[in-house]
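The lines below spell out each chain.
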Amino acid sequence: MANINVARLVTLGKPLEVGTAEKPVPGPKDVLVKVAACGFVPNTFNVAGGYTPFSMPELPAVFGLDVAGTIEAVGELVVGLKAGDRVYVDPWHTCETCHQCRRGRTDLCQNAYFRGYMSPTVAGGQWLGQYPLGGLSQYVVAPHNKAARLPESIDFLTASRFGYIGTSFAALLKGDLRPGRTLLINGVTGTLGVAAVAIALGMGATKVLGVGRNRELLERVRQMAPGRVETVSSEEVSDLVSWAREETGGLGVDMMYDCLGVGGDAHGTNTLIRAVKAGGRAVLVAGGVVGDVAQPYMDVLMNDVRAAGSVWFNAAEIDQMIDMIAAGVIDLSYLEHRTYPLSEVNDALQIVGARPGGFVNVVVEP
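Quick caveat, the model's predicted, so the values are computed rather than measured. (Residues numbered from 1 in each chain as written. Predicted model: local features only at pLDDT ≥ 70, side-chain atom pairs only at ≥ 80, totals over all residues. Heavy atoms only, no water.)

**A look at the overall build of the protein**
For step 1, the next point in the chain: When helices and strands are counted, the protein shows twelve helices and 18 strands.
For step 2, the next point in the chain: Taking 2.2 N^0.38 as the reference for a compact globule, 366 residues should give roughly 21 Å; the C-alpha atoms of the protein span a radius of gyration of 20 Å, in line with that estimate.
For step 3, the next point in the chain: Counting only C-alpha atoms and orienting by the principal axes, one finds that the protein spans roughly 65 × 40 × 40 Å.
For step 4, the next point in the chain: Burial analysis of the protein (366 residues in total) assigns 53% to the buried set.
For step 5, the next point in the chain: In the protein, the proportion of contacts linking residues at least 24 apart, taken out of those at least 6 apart, comes to 71%.
For step 6, the next point in the chain: On the protein, roughly 15,600 Å² of surface is accessible, and the fraction owed to carbon and sulfur atoms is 50%.
For step 7, the next point in the chain: A gap of 4 Å separates the mean positions of the 30 positive and 36 negative side-chain charges of the protein. (Helix = DSSP H or I, 4+ residues; strand = E, 2+ residues; numbered from the N terminus. Rg over C-alpha atoms; globule rule 2.2 N^0.38 Å. Buried < 20%, exposed > 50% of the residue type's maximum accessible area, 1.4 Å probe, protein only. Contact = heavy atoms within 4.5 Å. Areas by Shrake-Rupley, 256 points an atom, 1.4 Å probe, with all protein chains shown as cover. Lys, Arg positive; Asp, Glu negative; His and termini not counted. Charge placed at Lys NZ, Arg CZ, Asp CG, Glu CD.)

**Digging into the environment of Ser343**
For step 1, the next point in the chain: Secondary-structure assignment places Ser343 in the loop between β17 (336-341) and α12 (345-353).
For step 2, the next point in the chain: Look at Ser343 and you get exposed, because its relative accessible area is 61%.
For step 3, the next point in the chain: Distance in space between the C-alpha atoms of Ser343 and Gly279 is 51 Å, their sequence separation being 64 residues.

**Some words on the sheet that holds strand β2 (residues 17-22)**
For step 1, the next point in the chain: Read across the open sheet, the three strands follow the order β2-β1-β4; overall the sheet is antiparallel. The open sheet terminates on both sides in strands that have one partner only, identified here as β2 and β4 (61-62).
For step 2, the next point in the chain: Of the pairings in the sheet, the one linking strand β1 (residues 3-9) to β4 comprises two bridges and is antiparallel in character. Bridged to Arg8 within β4 is Val62. (Pairing = 2+ DSSP bridges.)

**Here we look at the sheet that holds strand β14 (residues 253-258)**
For step 1, the next point in the chain: With parallel pairing, the six strands of this open sheet are ordered in space as β13-β12-β11-β14-β15-β16. In this open sheet, the two edge strands, each paired with only one partner strand, are β13 (229-233) and β16 (306-309). Mean inter-strand twist for the sheet, computed between neighbouring axes without regard to direction, equals 20°.
For step 2, the next point in the chain: The sheet contacts of helix α7 (residues 215-222) involve β12 (207-212) and β13, and relative to β13 the element is tilted by about 170°.
For step 3, the next point in the chain: Those strands touched by helix α8 (residues 240-247) are β11 (182-186), β12, β13 and β15 (276-284), and its axis lies near 160° from that of β12. (Axes fitted to C-alpha atoms, helices over the stretch in contact; angles between N-to-C directions.)

**Focus on the nonpolar core**
Across soluble globular proteins, nonpolar side chains show a tendency to be buried alongside one another.
For step 1, the next point in the chain: Ranked by internal contacts, the top residues of the largest apolar core, which has 84 residues, are Phe40, Leu136, Phe162, Leu172 and Tyr257.
For step 2, the next point in the chain: In terms of residue count, helix α6 (residues 191-203) provides more of this core than any other element does, ten residues in total.
For step 3, the next point in the chain: Look past the residues within four positions of Phe162 in its chain and what remains in contact with it is Tyr88, Leu150, Ile154, Thr167, Phe313, Ile318, Met321, Ile322, Ile325 and Leu332.
For step 4, the next point in the chain: Counting residues in each nonpolar core, the second largest holds 16 residues, with Val211, Met256, Ile273 and Val305 among its members. (Core = buried A, V, L, I, M, F, W, Y, C linked by side-chain atoms within 4.5 Å.)

Right, here's the structure in full:
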């Protein structure tokens, strides 16, 4: 059996260790993917450091979330995929048999986990070893329905960011963002926030408002579409609700997207929900925010402003997003790729831990 190079998380908060593992063999309904790129986002640093409440795999474990690469082999029962296909590998694994999965809500599967990463539920944590090789490996095996084909026009570095770009895409769909509507993003300078700006512009939003703290990054976000995008620092403007209403003719926004990172405070979320117009929607995706989201009874009754959660995306959504990116409708040219070999995986981890902002795409090339 041939050996391949991998990087393992051995102890939370300690450097990853580079070593070897046996090259995996795909099962009957699996695909074997030669990894070209494994994307790192800031939450990679949080998970590896033990700064999140999620269920972790039994350590040591081969780490790594988002993968893009080329199929090298397929199982004998795989239909529609073949060796040589370029793919993004969705790391969100679900049981496919529970009530939520069977009704099409795989995002609500209580047995779900992120391959090579963690599980947001206790039940899902029991299955983290099912596909033990994460993206910090020369090869990964994945169920055939987790491989989304990539056209030649989308490079592997960009595709290795699709987990978080796809998260924002699905959230904006859930918030019913359509052409001609307005959007407010809380945490706009981060990985999810900058992606949401690019996606919202492609979806036809007429006004995108962004709240953050870093003035330099806020200006870079505004420059993505001057006139359609406006940004403000929460450290400089105390009444963000009034600002958002002034920017939307007094009406408020059609949708608020909350994508604060780990350590965020739900107080700001509660405040910004009041900037949503009557009949609008708020969608929350930040799992590391502390606090409760609450709305006065009469506000809910009279204004019909609903708060919803969005965890990930489904197969139809990622395919739709890939088509829009390939057609140039969603422009991801803002991404600044920084690549690292597997031997420098800990350097990459430190870079994302420093939170360079949503424009930087840190990628390990195993």
